[in-house]
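Per-entry structural report
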Amino acid sequence: MKPVYFDNNATTRVDPRVVEAMLPFFTEQFGNPSSMHAFGAKVGAAVNRARGELQTLLGAEFDHEIMFTSGGTESDNAAILSALEANPRRREIITTAVEHPAVLSLCAWLEKNKGVRVHVISVDAKGRLDLDAYEAALSDRVAIVSIMWANNETGTIFPVAALAEKAKAVGALFHTDAVQAVGKIPMNIKATAIDMLSLSGHKLHAPKGIGVLFVRRGVRFRAQIKGGHQERGRRAGTENTPAIVALGKAASLAPHYMAEENTRVRGLRDRLEKGLIQRIGHSFVTGEPGNRLPNTANVAFEFIEGEGILLLLNKEGVAASSGSACTSGSLEPSHVLRAMNIPYTAAHGAIRFSLSRDSTDDEVDHVLSVMPGIVDKLRGISPFWSKEGAPQAFDPAYA
Ligand code: PLP
């Protein structure tokens with residue numbers, strides 16, 4: 001059987017039509033879009049076409065609200081740093097405990113080195129935001145709120161449109177890291193109060209190293225990369241034209257798959273989750289059941305290590321990812337699952353299966369057939385597991 005790739009939240013396969021669209025921009029169409037001659041003009045037109053394709057995908061009002069960057073991390077950093085610089089009297093940030101490190105590490109650094117106060121809003125056992133704490137943190141001291149649209153580990157979706165309205169009421173900017181949400185759920189950004197939005201090409205069947213920061217017209221923006229006048233002076237550096245064209249193509253393809261993502265892919269994901277829970281005791285799905293990305297399943301298998309599961313899955317030709325990251329020899333469970341108060345014994349054994357439009361029924365069947373044996377094998381050598389009476393299962397509903 002062909003290897004099963006269930007790690008699409010880490011990165012996606014570049015769509016062959018996207019590769020085809022970008023190739024001429026390495027060869028005949030190699031001009032610099034800023035050049036005042038035909039070589040440049042043609043490429044400049046292609047970059048603008050791509051800008052329009054991103055505008056359409058997001059439902060932005062103007063194409064110049066689309067600024068190309070090197071990816072999600074740069075977009076997140078640029079949004080937050082620009083907001084602080086443009087509003088020097090506001091020295092507070094609001095974010096959540098479950099953001100990607102692209103936001104959380106920057107916030108921690110700003111707190112430590114720049115005297116910025118960071119409000120980190122917590123989540124409950126299902127990953128839902130503490131809305132009371134959010135409202136309490138909002139004030140005219142807040143420069144920017146940065147809250148992700150959908151979580152990369154559990155797929156839980158946050159009500160960003162409503163959260164943005166509340167930020168607007170105190171004059172704070174609202175940024176959303178929509179890296180995992182774009183292309184999976186429909187967006188009409190112009191109808192919201194969202195000021196800035198980050199997205200990344202490689203989560204969208206485009207290449208790595210290309211992304212977008214949407215900056216609503218009228219939002220004061222301070223360039224974080226200084227140099228030439230590219231991107232209307234907001235992001236210097238000669239444009240990565242092949243990748244920009246590729247991202248435009250991926251954006252134009254995405255709406256054709258959105259319905260499938262919410263029907264066929266969701267169906268595969270649901271079957272995978274149900275099948276795993278039925279076949280394997282002491283396991284549960286993390287995140288808010290009816291409010292998750294359609295492609296993401298995060299399942300905790302209690303009393304074993306995620307790394308062990310991944311190694312054995314890999315032997316069976318299955319690529320997934322674990323909720324924990326191996327840091328300096330000690331296995332730290334994922335900050336997202338810890339923020340949800342999921343006990344170490346379950347958070348350690350959490351596996352994220354993230355599907356895509358390339359995923360098939362046979363692949364789900366294969367994972368369902370190999371997982372029970374893998375879990376049995378690991379529980380057989382787990383010090384936390386006893387055959388006579390396995391420890392009480394953790395039910396997140398009662399946390
Ligand atoms: N934000 C989220 C939610 C992500 O999942 C990722 C990638 O894993 C990023 C930001 C970073 O994006 P990039 O890899 O393009 O820098």
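For the structure, see preceding data.
Bear in mind that the values here come from a model prediction, so they are computed numbers and not experimental data. Each chain carries its own residue numbering, running from 1 in the direction its sequence is written. At least 70 in pLDDT is required for a residue's local features to be given in this predicted model, at least 80 for side-chain atom pairs to be given and counted, and no such filter applies to totals for whole chains, interfaces and linings, which use all residues. The basis for the side-chain values is all heavy atoms of the structure; hydrogens and waters are excluded.

**Things to note about the site of the ligand**
Any residue with at least one heavy atom within 4 Å of a molecule or strand is counted as near it. Taken together, 13 residues are adjacent to the ligand, and Thr73, Asp177, Gln180, Ser200 and Lys203 come closest. In the analysis that follows, any N or O atom pair within 3.5 Å is treated as a polar contact, provided that within protein one partner can donate a hydrogen and the other can accept it, and provided that, for residues neighboring in sequence, both atoms belong to side chains. Within the side chain of Asp177, a nitrogen or oxygen atom sits 2.6 Å from a nitrogen atom of the ligand. Exposure was quantified through the Shrake-Rupley algorithm and a 1.4 Å probe, taking into account, for residues, occlusion by the shown protein chains and nothing else. Computed on the free molecule, the ligand has an accessible area of 400 Å², of which 85% lies beneath the protein chains in the complex. One can see that the ligand is located within the largest pocket. Helix numbering and strand numbering both begin at the N terminus, where a helix is a DSSP run of H or I of at least 4 residues and a strand a DSSP run of E of at least 2. The element contributing the most residues to the shell around the ligand is helix α3 (residues 72-86), with 3 residues. A breakdown of the residues in the shell around the ligand according to their chemical character gives 2 nonpolar, 8 polar and 3 charged. Definitions used for this entry: grid spacing 1 Å over protein atoms alone; cavity, a set of points where a 1.4 Å probe fits but cannot get out; pocket, an open set with protein on both sides within 12 Å along at least 5 of 7 lines; lining residue, one with an atom within 4 Å of a point. Think of it this way: if more than half of a molecule's atoms are within 2 Å of a pocket's grid points, that molecule is in the pocket or cavity. Residues are grouped as follows: Ala, Val, Leu, Ile, Met, Phe, Trp, Tyr, Cys and Pro are nonpolar; Asp, Glu, Lys and Arg are charged; every other residue, Gly included, is polar.

**Considerations on the layout of surface pockets**
Grid points are joined across faces, edges and corners, and a volume is the space filled by probe spheres set on the points. Approximately 330 Å³ is the volume attributed to the largest pocket. Lining the largest pocket we find 23 residues, and of these His100, Asn152, Val179, Gln180 and Lys203 sit closest to its centre. Of all the secondary-structure elements, those providing two or more residues to the lining of the largest pocket are α3 and α4 (101-114). Top contributing element to the lining of the largest pocket by residue count: α3, with 3 residues. Residue composition of the lining of the largest pocket, grouped by class: 6 nonpolar, 12 polar and 5 charged.

**Re the sheet that holds strand β7 (residues 196-200)**
Two strands pair under a simple rule: DSSP has to find at least two bridges between them. Strand order in the open sheet made by the 7 strands is β2-β8-β7-β6-β5-β3-β4, with mixed pairing throughout. Of all strands in the sheet, those bounded by a partner on one side alone are β2 (66-69) and β4 (117-121). Between one strand and the next, the sheet's axes are offset by a mean angle of 20°, whatever the strand orientation. The pairing of strand β3 (residues 92-96) with β4 spans 5 bridges and is classified as parallel. The angle between two axes is taken between their N-to-C directions and runs from 0 to 180 degrees, where each axis is a line fitted to C-alpha atoms and a helix contributes only its stretch in contact.

**A few points about the packing of helix α8 (residues 306-315) against helix α11 (residues 361-380)**
At their nearest, the axes of α8 and α11 sit 10 Å apart, and the two run at 135° to each other. Regarding the angle of α8 to α11, the classification is oblique. Here α8 and α11 pass one another in a crossing that is right-handed. Contacts between α8 and α11 pair Gly308, Ile309, Leu312 and Leu313 from the former with Val370, Met371, Ile374, Lys377 and Leu378 from the latter. Residue composition of the contact of α8 with α11, by class: 7 nonpolar, 1 polar and 1 charged. Throughout, the term roughly parallel applies to angles under 35 degrees, roughly antiparallel to angles over 145, roughly perpendicular to angles from 65 to 115, and oblique to all others. Each crossing gets its hand from how the near helix is turned against the far one by less than a right angle, where anticlockwise is left-handed and clockwise is right-handed. Residues are treated as being in contact if the distance between any of their heavy atoms lies within 4.5 Å.

**Description of the environment of Gly308**
Looking at where Gly308 falls in the secondary structure, it is placed in helix α8. Each residue is placed in one exposure class: buried if its accessible area under a 1.4 Å probe, protein chains only, is under 20% of its type's maximum, exposed if it is over 50%, and partly exposed if it falls in between. When its relative accessible area of 18% is taken as the criterion, Gly308 is described as buried. Spatially, the C-alpha atom of Gly308 lies 8.7 Å from that of Ile374, the residues being 66 residues apart in sequence.

**Remarks on the sheet that holds strand β12 (residues 321-322)**
One open sheet holds the 4 strands; their spatial order is β9-β10-β15-β12, and the pairing between them is antiparallel. Either end of the sheet is taken by a strand with one partner, and the two such strands are β9 (283-285) and β12. When strand β10 (residues 296-301) meets strand β15 (residues 350-354), the two strands line up antiparallel, connected through 5 bridges. Across the sheet, Ala300 pairs through a bridge with Ala350, a residue of β15.

**Observations concerning the side chain of Thr95**
Mapped onto the fold, Thr95 is located in strand β3. Those residues in contact with Thr95 that lie beyond four places of it in its chain are Val103, Leu104, Cys107, Val118, His119, Val120, Ile121 and Ser146.

**Remarks on the nonpolar core**
In this text, buried Ala, Val, Leu, Ile, Met, Phe, Trp, Tyr and Cys residues form a nonpolar core when linked through side-chain atoms within 4.5 Å. By size, the foremost hydrophobic cluster in this structure holds 67 residues, and its most contacted members are Phe68, Tyr134, Trp149, Phe174 and Leu197. A total of 10 residues in this core trace back to one element, the largest contributor, which is helix α7 (residues 241-279). When residues no more than four places from it in sequence are discounted, the contact partners of Leu197 are Leu58, Trp149, His175, Thr176, Ala178, Val182, Met187, Ile189, Val212, Leu213 and Phe214. Counting 27 residues, the second largest nonpolar core, distinct from the first, contains Val265, Ala320, Met371 and Val375.

Just distances and angles here, no functional claims.
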